[in-house]
Amino acid sequence: MIERVLAPNPGLFTGPGTNTYLLASSDEVLILDPGPDMDEHRTAIIDGVGGRLVVGVIATHTHPDHAPLANPLGAHYDVPVLGFGPGPRFTPDMTLADGSEVGFGADRLLAVHTPGHTDDHLCFRWGGTLFTGDHIMGGSTVVIEDATAYLESLYRVSDLGVGRLEPGHGDAMDDAGRAIDDYIEHRLEREREIVEAIGSGAATVGDVVDAVYTEVPSGLRQAAVHQVRVQLTKLLRDALVTFEDDNTEHSSVRLR
């Protein structure tokens, strides 16, 4: 059984809030992505668990909207905290790698390493369902740190053949294959748009942002700048552009 507890942390980057999942099998429960350390959310999770036996607390990655409540909940239930590795306000008792399995009740949860959004990101497969953390989100694209790794990770989860996605933010997606394909196409289309913008005269990162992100809200411009820089780094690796990155909007770009 899958139960969702929505954290009260809505925002530009979190959508309606962080989805915490209670995964139950034979009266044993795993808490997946416990979320931010907020008293209201902690109480909601504990109430949701009720009298069942919690056997572990897992984080998909160590961003502050996903992991900080893990150690407090681990201490509350006296159970191990699990994740890819340590991060801000997150110290796992056990580390998970690609292919690691976590048993609970009569079931096992499979870890799938999906770097791109962050280096430490894990998705988790339970039967035909994939819990995607921030790798794929409902109703939104994803801020990424490595465009090459992210695209490879999208192809990786596509090959899993799951039917349903349960994201870290937003609603579940019942047609997993189509959702993943849409994410892949979005990334490839973004690459094409950036290359076309440079070919049409965009000479700096800021120029590319203006050409590609024509309707970005002012509060998200820095995120758009970051995304363009990350994408240009991939295009540089692919030998499609020359990119002299000085960490500003004034970084120069041109086609090779």
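That block above? That's the structure.
Residues numbered from 1 in each chain as written. Predicted model: local features only at pLDDT ≥ 70, side-chain atom pairs only at ≥ 80, totals over all residues. Heavy atoms only, no water.

Draft legend 1. Looking closely at the sheet that holds strand S1 (residues 2-6). Read from one edge of the open sheet, six strands run S1-S2-S3-S4-S5-S6, paired in mixed fashion. Two strands lie at the open edges of the sheet, namely S1 and strand S6 (94-95), each paired on one side alone. Here strand S2 (residues 19-25) runs beside strand S3 (residues 28-32); their pairing, made up of five bridges, is antiparallel. Among the inter-strand pairings, Leu22 is bridged to a residue of S3, identified as Ile31. (Pairing = 2+ DSSP bridges. Helix = DSSP H or I, 4+ residues; strand = E, 2+ residues; numbered from the N terminus.)

Draft legend 2. Spatial organisation of the nonpolar core. With 22 residues, the main nonpolar core has Leu130, Ile136, Leu154, Leu165 and Tyr183 as its most contacted residues. Elements supplying a minimum of two residues to this core: helix H3 (147-158) and helix H4 (176-199). Excluding residues within four positions of it along the chain, Tyr183 makes contact with His135, Ile136, Met137, Ser140, Thr141, Val142, Tyr150 and Leu154. In this structure, Val29, Ile31, Val57 and Leu69 belong to the second largest nonpolar core, which totals 18 residues. (Core = buried A, V, L, I, M, F, W, Y, C linked by side-chain atoms within 4.5 Å. Buried < 20%, exposed > 50% of the residue type's maximum accessible area, 1.4 Å probe, protein only. Contact = heavy atoms within 4.5 Å.)

Draft legend 3. The pairing of strand S10 (residues 129-133), seen in detail. Counting buried residues in S10 gives five out of five residues, a clear majority hidden from the surface. Hairpin geometry of strand S9 (residues 122-126) and S10 is characterised by an intervening segment of two residues between the two adjacent antiparallel strands and by a positive phi of about 60° at Gly127. Each parallel crossover has a hand, and for S10 linked through H3 to strand S11 (residues 164-167) it is right-handed. (Right-handed = clockwise from strand over helix to strand, strands pointing away.)

Draft legend 4. How the structure looks around the packing of aromatic side chains. Per the stated rule, a full pass over the model turns up two aromatic pairs. Between Tyr21 and Phe131 the ring centres are 5.1 Å apart and the planes differ by 65°, which places this aromatic pair in the edge-to-face class. Residue Tyr21 is found in strand S2, and its partner Phe131 is found in strand S10; the two are separated by 110 residues along the sequence. Taking the centre distance of 5.1 Å and the plane angle of 65° together, the rings of Phe104 and Trp126 count as edge-to-face. In this pair, Phe104 sits in strand S7 (residues 101-104) while Trp126 sits in strand S9, placing the two residues 22 residues apart along the sequence. For the pair shown, Phe104 and Trp126 are each scored as buried. In this arrangement the basic side chain of Arg190 is found over the ring face of Tyr213, its NZ or CZ atom lying 4.4 Å from the centre. (Phe/Tyr/Trp six-rings, centres within 6.5 Å; stacked < 30°, edge-to-face > 60°. Lys NZ or Arg CZ within 6 Å of the ring centre and 35° of its normal.)

Draft legend 5. View of the pairing of S3. With four of five residues buried, S3 lies mostly within the body of the structure. The turn linking S2 back onto S3 is made up of two residues, and Ser26 within it adopts a positive phi angle of 50°. In this region the chain leaves S3, passes through helix H1 (residues 39-49) and returns to the parallel neighbour strand S4 (residues 53-58); the handedness of that crossover is right-handed.

Draft legend 6. Inspection of the sheet that holds S7 at higher detail. Spatial strand order, S7-S8-S9-S10-S11: five strands in an open sheet with mixed pairing. The sheet terminates laterally at S7 and S11, the two strands that pair on one side only. Sheet twist, expressed as the mean angle between neighbouring strand axes with direction ignored, is 25°. (Axes fitted to C-alpha atoms, helices over the stretch in contact; angles between N-to-C directions.)

Draft legend 7. Seen up close, helix H2 (residues 70-77). Taken as a whole, H2 has its buried residues at Ala70, Leu73, Gly74 and Tyr77. For H2, the angular spread of buried residues about the axis comes to 105°, placing them on one side. In this structure, the buried side of H2 is in contact with S3, H1, S4 and strand S5 (81-83). Trailing H2 by a residue or two, Asp78 shows a phi angle of about 55°, which is positive. (Arc of directions from axis to C-beta.)

Draft legend 8. Looking closely at the packing of H3 against H4. As a packed pair, H3 and H4 sit with axes 9 Å apart at the nearest point and diverge in direction by 155°. By the criterion of interaxial angle, the relationship of H3 to H4 is roughly antiparallel. Helix-helix and strand crossings are classified by hand; for H3 and H4 the assignment is left-handed. Residues Tyr150, Leu151, Leu154, Tyr155, Val157 and Ser158 of H3 pack against Ile180, Asp181, Tyr183, Ile184, Arg187, Leu188 and Glu191 of H4. (Parallel < 35°, antiparallel > 145°, perpendicular 65-115°, else oblique. Left-handed = near helix turned anticlockwise from the far one by under 90°.)

Draft legend 9. View of the packing of H4 against helix H6 (residues 221-237). Two numbers describe how H4 lies on H6: the axes approach to 11 Å, and their chain directions differ by 85°. Accordingly, the angle class assigned to the pair H4 and H6 is roughly perpendicular. On H6, the residues that touch Arg187, Arg190, Glu191, Ile194, Val195 and Ile198 of H4 are Gln227, Gln231, Leu232, Lys234 and Leu235. Residues that form the contact of H4 with H6 fall into these classes: five nonpolar, two polar and four charged. (Nonpolar A, V, L, I, M, F, W, Y, C, P; charged D, E, K, R; others polar.)

Draft legend 10. Seen up close, the pattern of salt bridges. Within this structure, the stated rule accounts for 16 salt bridges. Across the salt bridge formed by Asp146 and Arg237, the nearest N and O atoms sit 3.3 Å from each other. Taken together, the residues span a long stretch of sequence, with Asp146 in the loop between S10 and H3 and Arg237 in helix H6 at a distance of 91 residues. Ionic pairing is found between Lys234 and Glu191, a salt bridge with its closest N-O pair at 2.8 Å. Residue Lys234 is located in helix H6, and its partner Glu191 is located in helix H4; the two are separated by 43 residues in the primary sequence. For the pair shown, Lys234 and Glu191 are each scored as buried. Several salt bridges converge on common partners, so that one network encompasses Arg4, Arg164, Glu166 and Asp174. (Salt bridge = Lys/Arg side-chain N within 4 Å of Asp/Glu carboxyl O.)

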